[in-house]
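Descriptive structure summary
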Amino acid sequence: MKEQARAKARQLAHEFIQRGDVTGWFEQLYTQAQGNEQAIHWADMEVNPNLVEWLDRRNIQGKGKLALVVGCGLDDDAEELARRGFEVVAFDIAPTAIAWCQKRFPRSPVAYVVADVFDPPSAWQGSFDFVLEAYTLQVLPSAVRSRAMASIASLLAIDATLLVICRGRSADEPPGNLPWPLSTEELDVFKGAGLRQVHSEDYFDQEEPPVRRFRVEYRRASSAEN
Ligand SMILES: C[S@@+](CC[C@H](N)C(=O)[O-])C[C@H]1O[C@@H](n2cnc3c(N)ncnc32)[C@H](O)[C@@H]1O
């Protein structure tokens, strides 16, 4: 079922991207799913283990901190951050995904919001202590990723942390099919946007078959460091 759903998503993405619309297919996919999470191949309906491992290892405490989840999908990750004490805003371009989250977690403290990473609310600029980007950049064509990355970087407060989790590839490897893995060179846009890379991991995850992942932590430098 997941493979069928993935094939359908690829076809839909291809049709929209051919027409020059790089994000329209997400809402279409969520709408067509009609509430069946099996039709959304990235929806594991559990917290991303690559996030949990990082949070546990770094013993991250969210009390008094504001977190933002980029492209939250049907998100369990935002709920996990809220459980760990963060005040959380989670956004997605697809209104149906946001409505789905609100239905899944009716008593959630998370603010689920429809927004576009290419044009986020101006009030969000420089506002968040922690930003999570998991698996959204890899479903955006490479031609628009730099713009998305610069926008994400602009949302971090001074000293804030950005955690990026994505499929990884070497620069000389072809990106293949959607989801398109990122190279470390592509991720360097974050450095150009005023972030310092604090830690970077390149590993194979526990999925079957294992997937090569990059998990990279960035910090917005304080003005004294600039
Ligand atoms: C591959 S899914 C990942 C969802 C979630 N982060 C997860 O790990 O399960 C990518 C998500 O990004 C959203 N998205 C795509 N383009 C976006 C944009 N421009 N602004 C906000 N969200 C976007 C999609 O609607 C989709 O829910």
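Everything here concerns the structure above.
Residues numbered from 1 in each chain as written. Predicted model: local features only at pLDDT ≥ 70, side-chain atom pairs only at ≥ 80, totals over all residues. Heavy atoms only, no water.

1. Details of the sheet that holds strand E2 (residues 87-92)
- The seven strands lie next to each other as E3-E2-E1-E4-E5-E7-E6, forming an open sheet whose pairing is mixed. Here the strands that pair on one side only, and so sit at the sheet edges, are strand E3 (111-114) and strand E6 (195-204). Across the sheet, the mean angle from the axis of one strand to that of its neighbour is 15°, orientation sign disregarded.
- Inspection of the sheet shows strand E1 (residues 66-70) paired to strand E4 (residues 128-134) by four bridges, in the parallel sense. Counted as the bridge partner of Val70 is Glu133 from E4.
- On top of the sheet, helix H3 (residues 49-57) reaches E4, strand E5 (156-167), E6 and strand E7 (212-220); it is set at about 45° to E7, its chief contact. (Pairing = 2+ DSSP bridges. Helix = DSSP H or I, 4+ residues; strand = E, 2+ residues; numbered from the N terminus. Axes fitted to C-alpha atoms, helices over the stretch in contact; angles between N-to-C directions. Contact = heavy atoms within 4.5 Å.)

2. Brief notes about the packing of helix H2 (residues 24-33) against helix H5 (residues 95-104)
- The interhelical angle for the contact between H2 and H5, taken along N-to-C directions, is 50°, at an axis separation of 7 Å. Judged on the interaxial angle alone, H5 and H2 are oblique. Residue-level inspection shows Glu27, Tyr30, Thr31 and Ala33 of H2 in contact with H5, the latter providing Pro95, Thr96, Ala97 and Trp100.
- In terms of residue class, the contact of H2 with H5 is made up of five nonpolar, two polar and one charged. (Parallel < 35°, antiparallel > 145°, perpendicular 65-115°, else oblique. Nonpolar A, V, L, I, M, F, W, Y, C, P; charged D, E, K, R; others polar.)

3. Re the environment of Glu201
- Within the secondary structure, Glu201 sits in strand E6.
- A sequence separation of 15 residues divides Glu201 from Val216, and the C-alpha atoms of the two residues are 6.2 Å apart.
- Sequence-distant contacts of Glu201, defined by excluding residues within four places in its chain, comprise Trp54, Arg57, Arg213, Phe214 and Arg215.
- Side chain to side chain, Glu201 and Arg57 meet in a polar contact 2.9 Å long.
- Side-chain polar atoms of Glu201 contact the side chain of Arg215, separated by 2.8 Å. (Polar contact = N/O pair within 3.5 Å; in protein donor to acceptor, adjacent residues only side chain to side chain.)

4. With respect to the nonpolar core
- Grouped together as the largest cluster of nonpolar side chains are 50 residues, with contacts concentrated most on Trp25, Leu162, Leu187 and Phe190.
- Ranked by the residues each element gives to this core, the list is headed by E5, at six residues.
- When near neighbours in sequence (up to four residues on either side) are disregarded, Leu162 contacts Val131, Glu133, Ile152, Leu156, Phe190, Leu195, Val216, Glu217 and Tyr218. (Core = buried A, V, L, I, M, F, W, Y, C linked by side-chain atoms within 4.5 Å. Buried < 20%, exposed > 50% of the residue type's maximum accessible area, 1.4 Å probe, protein only.)

5. Here we look at the site of the ligand
- Surrounding the ligand, one finds 19 residues, the nearest of these being Tyr30, Gly71, Asp92, Asp116 and Val117.
- Separating a nitrogen atom of the ligand from a backbone N or O atom of Ile93 is a distance of 3.2 Å.
- Note that an oxygen atom of the ligand is positioned 3.3 Å from one of the side-chain N or O atoms of Thr136.
- When the ligand sits alone it has 590 Å² of accessible area, and the protein chains cover 96% of it.
- Where the shell around the ligand is concerned, the elements lending two or more residues are H2 and E2.
- Class assignment for the residues of the shell around the ligand results in 13 nonpolar, four polar and two charged. (Near = heavy atom within 4 Å. Areas by Shrake-Rupley, 256 points an atom, 1.4 Å probe, with all protein chains shown as cover.)

6. Side note on the pairing of E2
- Counting buried residues in E2 gives five out of six residues, a clear majority hidden from the surface.
- When E1 meets E2, the two strands line up parallel, connected through four bridges. Paired with Leu66 across the strands is Glu87, a residue of E2.
- Chirality of the crossover, the property in question, places the unit of E1, helix H4 (residues 77-83) and E2 among those that are right-handed.
- In this sheet, E3 lies alongside E2 in parallel orientation, the contact comprising four bridges. What sits directly across from Asp92, in E3, is Val114. (Right-handed = clockwise from strand over helix to strand, strands pointing away.)

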